[in-house]
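Spelled out from the first residue to the last, the chains are:
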Amino acid sequence: MKVDILTLFPGMFDSFLGHSMMKRAAEKKAVTFAVHDLRFFTHDRHKTCDDKPFGGGPGMLMKPEPVFEAMDALFGRRKRPAAGKATGKTRVIYLTPQGERFTQKKAKEFSACKHLVFICGHYEGIDQRVVDALVTDEISIGDYVLTGGEVPVMAVIDATVRLLKGVLGCEASKEFESFSRNLLEYPQYTRPSDYRGLKVPPVLLSGNHSAIEAWRLEQARKRTAKWRPDLLKKR
Ligand code: ADE
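Residues numbered from 1 in each chain as written. Predicted model: local features only at pLDDT ≥ 70, side-chain atom pairs only at ≥ 80, totals over all residues. Heavy atoms only, no water.

Participant: Just checking my understanding: could you explain the overall build of the protein for this structure?
Facilitator: Each helix and strand in the protein was counted, giving nine helices and nine strands. Here the C-alpha coordinates of the protein stretch approximately 70 × 40 × 40 Å along the principal axes. Burial analysis of the protein (235 residues in total) assigns 41% to the buried set. Nonlocal contacts in the protein, meaning residues at least 24 apart in sequence, comprise 75% of its contacts between residues at least 6 apart. When the accessible area of the protein is evaluated, it comes to approximately 14200 Å², of which 55% is carbon and sulfur surface. (Helix = DSSP H or I, 4+ residues; strand = E, 2+ residues; numbered from the N terminus. Buried < 20%, exposed > 50% of the residue type's maximum accessible area, 1.4 Å probe, protein only. Contact = heavy atoms within 4.5 Å. Areas by Shrake-Rupley, 256 points an atom, 1.4 Å probe, with all protein chains shown as cover.)

Shown next as structure tokens:
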């Protein structure tokens, strides 16, 4: 998979891509990352990427030209994916609180793609012509507003790349995850079995695998009922 990131703050990705799973995924050649500074695609002395919204209103908007030019540079003579069509193997993803909610299902869908391009918004948002002409997927990571698209882009890349073949050490651990079966995960413990008088539930030390499985399912149900009753309804 190839992942291109268009951003005004390329330095924010150094740490994210240089550590842990993302680093490992790139080393294993499961994915190639490229971070592109949108200011590189400006032509004025100040490298201006924002401007006031037509019609008035607070804040500044990201200008269309740097994003269009960055996309020209990425795709060259190759055909860009059709905007608004969230179906192909190449996706242009814009992170915005106004988008479709990101889920594990979406992460799985993205992980089957060959090429993902992420556009990080900033300020009050981006000129709508970028979205209308270039973007295949408008994605929100939740009902709250962040100061920019970089953090949500990292969340979407992380959730997607970890699903690529060979990235996680233990493939099975993906299957048991909360959202594949509409249950939150059960609580887990490691050694020591007694720490400052805080004891691990005895069933986990019993060696009785069917009892352990039953206990875990019960705990998962309890947690889900407490925090995410909406998931239980989907089961
Ligand atoms: N940009 C700012 N807030 C966001 C959110 N909640 N999801 C995606 N992109 C965003």
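That covers the picture; the talk isn't over yet.
Participant: Hey, could you run me through the site of the ligand in this one?
Facilitator: Taken together, L95, T96, P97, I139, S140, I141, G142, Y144, V145, L146, G148 and P152 make up all the residues around the ligand. Here a nitrogen atom of the ligand sits 3.2 Å away from a polar atom, N or O, in the main chain of T96. Here Y144 contributes a backbone N or O atom positioned 2.7 Å from a nitrogen atom of the ligand. Here the ligand has 260 Å² of accessible area as a free molecule, and 96% of this is covered by the chains. Contributions of two or more residues to the shell around the ligand are made by β5 (90–101) and β7 (137–140). With three residues, the top contributor of residues to the shell around the ligand is β5. Its residues assigned to classes, the shell around the ligand comprises eight nonpolar, four polar and no charged. (Near = heavy atom within 4 Å. Polar contact = N/O pair within 3.5 Å; in protein donor to acceptor, adjacent residues only side chain to side chain. Nonpolar A, V, L, I, M, F, W, Y, C, P; charged D, E, K, R; others polar.)

Participant: Would you mind showing me how to read the domain arrangement of the protein here?
Facilitator: Often the size quoted for an interface is simply the accessible area lost on bringing the parts together. Domain annotation of the protein identifies domain 1 (2–161) and domain 2 (178–232). Relative to domain 2, the C-alpha centre of domain 1 lies at a distance of 37 Å. (Domains from an automatic or database assignment.)

Participant: Is there a simple way to think about the sheet that holds β5 in this case?
Facilitator: Picture the strands of a sheet paired through backbone hydrogen bonds; they go either parallel or antiparallel. The strand order β2-β1-β6-β5-β7 describes an open sheet built from five strands, whose pairing is parallel. Since the sheet does not close on itself, it has two edges, and those belong to β2 (32–37) and β7, each with one partner. Each neighbouring strand pair of the sheet contributes to a mean axis angle of 30°, computed without reference to strand direction. Across five bridges, the pairing between strand β1 (residues 2–7) and strand β6 (residues 115–119) is parallel. Residue L6 lies in a different strand from β6, and its bridge partner there is I119. (Pairing = 2+ DSSP bridges. Axes fitted to C-alpha atoms, helices over the stretch in contact; angles between N-to-C directions.)

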